[in-house]
Amino acid sequence: YGEDFWAVKDISFHIQKGEIVGFVGQNGAGKTTTIKMLSGILNPTEGSVRIDGYDIEKESRKAKMSLGYVADNPDLFLRLTGREFIHFLADIYDIPLEGRTERIEALTARFEVTDALDKPMSDYSHGMRQKMMVIAALVHNPPVWILDEPMTGLDPKAAFELKQMMREHA
């Protein structure tokens, strides 16, 4: 961010398959900036990012198809219903219609949001929006999950389910 301010500097790490890694630090430490570089939202000034073996800048589509990203703010696409939002992401990830419905039904049942799928996301609570973000990010069953404060706003049962899914995925 300009010549005199580095949000993230000299960071290097490798995450093995099955590992769960978290960034801890005070506000402004560069956690979200790092996550945005990992997900391809921001490009690093120097260095490179590889997701599932793909360079996020040179092989952007392949890298992004390999990850599920949950942003720190669930207030996106609020004019869509939950069902429309999930299908929108499923379309982006080229999920065939065959099998898609079963995957969506399993995820929405697990997070107990099936009854709200046909309501506009603008009517949802923060926690309900967060659940939809998680479901949409995982609908294509990505090998890499990038979750920026995914538990914020989730009720205890949903947080437990997400933790269970992380363990199952690892």
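Residues numbered from 1 in each chain as written. Predicted model: local features only at pLDDT ≥ 70, side-chain atom pairs only at ≥ 80, totals over all residues. Heavy atoms only, no water.

Asker: Describe a nonpolar patch on the surface, naming the residues involved and giving the relevant values.
Answerer: Where nonpolar side chains cluster on the molecular surface, the patch consists of Ile11, Phe13, Ile15, Val21 and Phe23 and spans about 400 Å² of accessible area. Position of Phe23 relative to the elements: it lies in the segment before helix H1 (31–38). Relative accessible area serves as the criterion here: at 32%, Phe23 is assigned to the partly exposed category. (Patch = residues over 30% accessible without salt bridge, like charges linked within 9 Å, V, L, I, M, F, W, Y side chains within 5 Å. Areas by Shrake-Rupley, 256 points an atom, 1.4 Å probe, with all protein chains shown as cover. Salt bridge = Lys/Arg side-chain N within 4 Å of Asp/Glu carboxyl O. Helix = DSSP H or I, 4+ residues; strand = E, 2+ residues; numbered from the N terminus. Buried < 20%, exposed > 50% of the residue type's maximum accessible area, 1.4 Å probe, protein only.)

Asker: Tell me about unusual backbone geometry, and name the residues and values.
Answerer: The bulk of non-glycine residues show a negative phi, and the bulk of peptide bonds are trans. Residue Phe77 is not a glycine yet carries a positive backbone phi of 55°. The partly exposed category is assigned to Phe77, whose relative accessible area is 43%. Unlike most non-glycine residues, Asp94 shows phi in positive territory, near 55°. Here Asp94 lies in the loop between helix H3 (82–92) and helix H4 (97–110).

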